[in-house]
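As a plain string of letters, each chain reads:
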Amino acid sequence: MKVSDILRIKGGTLYTASPDESLLSALKLMADRDIGSLVVMEHGELVGMVTVRELTLVLVKNEGNVAKTTVRAAMDDHPLTCTSETDMDEVRRMMLDRHARYMPVMNKKMLMGVISFHDVARAVVDSQNLENKLLKAYIHDWPEGQAPDDAPKL
């Protein structure tokens, strides 16, 4: 399974922020849309990512006052990215290694979407459920009284 499979199911809605906008407005957008991240774009290019993790760090550092803080001051300016052709096993490894919950999907310099660890976990579960269903159907369709060649004889 590839990242493009998740993006196809997930849809193409993207939420972005500008690096020079207030962190409070970015936080309001995240709350209004019930999302955990914003991709930070400047002049049509990815320049960072703001997630709940970065917001928490800024809130603690500034003792809860983010009124004068910009997105640029809070964002991760080297977010982990992948392409739509990246294999899901590689994405899982990358996200686990960096403790990343969100990953922008880029094809060259074009933002294709964002996948979350939740999206990845759901894809794994769906894939396993399909595999289990197919295996059960295969087992169910065996001719009665016959076992597969490698099954133990009773």
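Reading guide: rules and limits
- Residues numbered from 1 in each chain as written.
- Predicted model: local features only at pLDDT ≥ 70, side-chain atom pairs only at ≥ 80, totals over all residues.
- Heavy atoms only, no water.
- Axes fitted to C-alpha atoms, helices over the stretch in contact; angles between N-to-C directions.
- Helix = DSSP H or I, 4+ residues; strand = E, 2+ residues; numbered from the N terminus.
- Parallel < 35°, antiparallel > 145°, perpendicular 65-115°, else oblique.
- Left-handed = near helix turned anticlockwise from the far one by under 90°.
- Contact = heavy atoms within 4.5 Å.
- Nonpolar A, V, L, I, M, F, W, Y, C, P; charged D, E, K, R; others polar.
- Pairing = 2+ DSSP bridges.

Before going further, it helps to spend a moment on the packing of helix H5 (residues 88–98) against helix H6 (residues 117–140). Between H5 and H6, the shortest axis-to-axis distance is 11 Å and the interhelical angle comes to 140°. Looking at the two axes, H5 sits oblique to H6. H5 and H6 meet at a crossing whose hand is left-handed. Contacts from Met88, Val91, Arg92, Met95 and Leu96 in H5 reach Phe117, Val120 and Val124 in H6. When grouped by side-chain class, the residues that make up the contact of H5 with H6 number 7 nonpolar, no polar and 1 charged.

Direction of pairing for strand S4 (residues 102–107) relative to strand S5 (residues 110–116): antiparallel, over a ladder of 6 bridges. When the bridges of S5 are listed, Tyr102 appears paired with Ser116.

In short, geometric facts, not functional conclusions.
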